[in-house]
Amino acid sequence: MKNKMFKLVSVAGIALALGACASNPPVEEEVAVTTPPPVRDTTPPPVRDEVVTSREVVQGPPPGTVQDFIVNVGERVYFDTDRYNLDADDMAVLNRQAAWLQAYPTVRIMVAGNCDERGTREYNLGLGERRANSVKDYLVSRGISADRIETISYGKERPIDGRSTPEAWEVNRNSHTQIVSGQVG
Amino acid sequence: MALKRMILSLGVAVTVSMGLGAPAMAQLEGEVTQASAREFRVALPDFNANTPEAQALADQITAIMRNDLRSTGLFDLLTPDSFIQQDLSVLVQPRFADWRIIDTESLGIGEVEIMDDGRMRVAFRLWDTAQEQEHLLSGRRGRQYVTTSENLRRVAHVLADDIYTSLTGDEGYFDSRIVFIAESGPRTARVKRLAIMDQDGANAEFLTNGQHTVLTPRFSPSDQTITYMTYERGRPQVYLFDIETGRSEALGQFQGMTYAPRFSPDGNSVIMAQADNGNSDIYIMDLNSRRRTRLTDHPAIDTSPSMSPDGDEIVFTSDRGGTPQLYVMNRDGSMRTCPSGGRDVACRITFGSGRYSTPVWSPRGDLIAFTRQANGRFYIGVIEPDGEGERLLTEAYLDEGPAWSPNGRVIIFFREDRPGASPALYTVDLTGRNLRRLNTPGDASDPAWSPTLR
């Protein structure tokens, strides 16, 4: 649990650091729940390369991009051993995901449920399915249409940390929200 | 011939691993009770041959037979140095006294002839040197095969099966194959391919190219079909694979994920788990009509179903009690009287510490093999269908996914023997003492046994 907290804090830290010298702060939970900002024109503006580069340096990933989602919203929530319930940290991430999905209503996502290696393959497939659906159900409860959310279970087949340590198991017990289509830019 | 030898080098295959962690196992209920296994004292002298080429084939055959018999832990193969009688022939009764004096109980005599048409003829007889009479092999006095040398390994396995059956009274299982998952690459980007090999590790080949993750293959008891799970279409689904044609097909199109498939004992159905909206239940699909029937309807995870040999009962994993445990239900969904006394549709049969999963019913019907997880370790064990007589056979960092030999006497499973170790295939007998690692061409997991090939 400590390790997971550390990771979340460090992601937030990056977002704050980027936001400090940018005109747009990172997306907050309250923003856009009731009034989503208009979707940007998906046609890339005819900007010069160096302008784009400097903008990215200053502002971080352009809003509405996969990078924006990963860096400013957070793509994973983490679970305790054998559990699939969401705690306050998880809900904070998922609230940001819901707000972001409200802001970009054409985006469709796939939520993948993952488990650590300390369980049998078949039970873990079932557990991963539950974890993915916990996230889906929560996002639906925050107003995201179920039609936009696919789920998949990878059981213990897709560890993000390949080591056999308690630290690795902690991060490998997660649900991973991936944007599959409709993103801006 | 060069090719044959190369394939064979994959094969001679088995190394004994010693040393179960007995003290750690003793902390758990259901610790190993070791039945005393009888060792049959068998002499299997080199076969006679009519030419040097035939002698080379004969030597391969006897090597394969000896390896098969040794792998069981049931046979003490006597060393040729001790043999007194050298002038053996399949046509002549041996001098029994010469064999009794070196404590031989059974003597196998064979010969190989390369015939004029190039095929080989293999003849074999088995003698009871104590009773001074011939052991019948499949009801006959001796066996003879005429075939091409490509079938050499199978002939050797069939003869070893004859010896095994004649002496132990159980059906032999050497003429059979193992389907498994061949693994390669780093853990964070693992490549998993469907693979198959002979029971002794020979003739390994890949059946899929590794483009999609495949898991948990299981053999049909009645034909050359495998059922398994694949991510081929993104969503994990149960498939069938025809070994003879190399073709695969999805077993129906369902909402959600289908997984944990196994054939019914008659081979006519596949029983599996399906997860929809996060909840896994057990279903059975008739392979002819493709009609599907739901067998459990519970908010818990119900998975890993396996049917009893008569098809009347099903054992499965469920966490309806809070942790994964084994439950038994009737195929028709009727109420049972549970071992704990109450009546229920599904009765819990495991009550030891930790978690139980991946149950698989023995083809003999008497035992259910399982994976148990407790105190940070994994165990393969067996338990009677009424929950009595639990015994743990193995222990390691990860021991998972037992499967039975066709005769219900041996369990194959996969092991990671320490944190970070690669998975490998192991077999263990029901005493827990004869633990062996099978050589595979690379890392391997999720093994399952074919029926015997005849």
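Our structure is the block above this text.
Remember, it's a predicted structure, so these values are computed and weren't measured experimentally. (Residues numbered from 1 in each chain as written. Chains lettered and ligands numbered in written order. Predicted model: local features only at pLDDT ≥ 70, side-chain atom pairs only at ≥ 80, totals over all residues. Heavy atoms only, no water.)

Bringing helix α5 (residues 152–168) of chain B into the picture now. All names here are of chain B. Its 17 residues place the ends of α5 24 Å apart at the C-alpha level, agreeing with the 24 Å of an ideal helix rising 1.5 Å per residue. Counting buried positions along α5 yields 13 of 17 residues, so the element is predominantly enclosed. One or two steps after α5, the chain reaches G169, where phi turns positive at roughly 85°. (Helix = DSSP H or I, 4+ residues; strand = E, 2+ residues; numbered from the N terminus. Expected span 1.5 Å × (residues − 1). Buried < 20%, exposed > 50% of the residue type's maximum accessible area, 1.4 Å probe, protein only.)

Turning to the state of the cysteines, a few remarks are in order. Residue and element names in this part refer to chain B. Scanning the model with the defined rule gives one disulfide over all chains in all. In this model C338 forms its disulfide with C347; the gap between the sulfur atoms is 2.0 Å. When the S-S torsion is -80°, as for the bridge of C338 with C347, the disulfide is left-handed. On the accessibility criterion, C338 (10% relative accessible area) is buried. (Disulfide = S-S within 2.5 Å.)

Right, let's get into the pattern of salt bridges. Should their charged atoms come close, side chains of opposite charge can pair. In the structure shown here, the tally under the stated rule is 39 salt bridges over all chains. A salt bridge links R290(B) to E249(B); the shortest N-O distance between them is 3.4 Å. Here R290(B) is found in the loop between β18 (279–286) and β19 (292–294), whereas its partner E249(B) is found in strand β15 (residues 248–250), with 41 residues between them in sequence. For E249(B), a relative accessible area of 37% corresponds to the partly exposed category. D417(B) is the salt-bridge partner of R418(B), the closest N and O atoms lying 3.7 Å from each other. Here D417(B) falls in the partly exposed class, since its relative accessible area comes to 41%. Each of R121(A), E157(A), E183(B), R190(B), K192(B), D443(B) and D446(B) takes part in a single network of salt bridges with overlapping partners. (Salt bridge = Lys/Arg side-chain N within 4 Å of Asp/Glu carboxyl O.)

To continue, consider the sheet that holds strand β29 (residues 391–396) of chain B. All names here are of chain B. Pairing within the open sheet is antiparallel, and its four strands lie in the order β26-β27-β28-β29. Each of the sheet's edge strands pairs with one partner strand only, and the pair in question is β26 (355–361) and β29. Along the sheet, successive strands turn relative to each other by an average axial angle of 20°, direction set aside. Of the strand pairs in this sheet, β26 and strand β27 (residues 368–374) are connected by five bridges, and their pairing is antiparallel. Following the sheet pairing, R355 is matched in β27 by Q373. (Pairing = 2+ DSSP bridges. Axes fitted to C-alpha atoms, helices over the stretch in contact; angles between N-to-C directions.)

Residue and element names in this part refer to chain B. Taken as a whole and assessed by the stated rule, the structure comprises 17 aromatic pairs over all chains. Centroid distance Y164 to Y173: 5.5 Å. Interplanar angle 80°. Geometry classified as edge-to-face. Y164 gets classed as buried once you look at its relative accessible area, which sits at 2%. Taking the centre distance of 5.6 Å and the plane angle of 85° together, the rings of Y164 and F174 count as edge-to-face. Separated by ten residues along the polypeptide, Y164 in helix α5 and F174 in the loop between α5 and β9 (177–184) bring together distant segments of the chain. Taken as a pair, Y164 and F174 share a single burial class, namely buried. One aromatic cluster is present, built from ring pairs that chain together F40, F75, Y164, Y173, F174 and W449. Over the ring of Y426 we find R415, and its NZ or CZ is 4.9 Å from the ring centre. (Phe/Tyr/Trp six-rings, centres within 6.5 Å; stacked < 30°, edge-to-face > 60°. Lys NZ or Arg CZ within 6 Å of the ring centre and 35° of its normal.)

Turning to the pairing of β18(B), a few remarks are in order. Residues and elements named next belong to chain B. Burial within β18 is extensive, with six of its eight residues counted as buried. Bridge count for strand β17 (residues 269–276) against β18 is eight bridges, and the pairing is antiparallel. Looking at β18, one finds that S269 is bridged to D286. Between β17 and β18, which pair antiparallel and follow one another directly, the connecting turn spans two residues, one of which, N277, has a positive phi of 50°. Pairing between β18 and β19: three bridges, direction antiparallel. Looking at β19, one finds that M285 is bridged to R292. Between β18 and the antiparallel strand that follows it, β19, lie five residues; R290 among them carries a positive phi value of about 60°.

In short, the description is geometric, and any link to function would need to be established separately.
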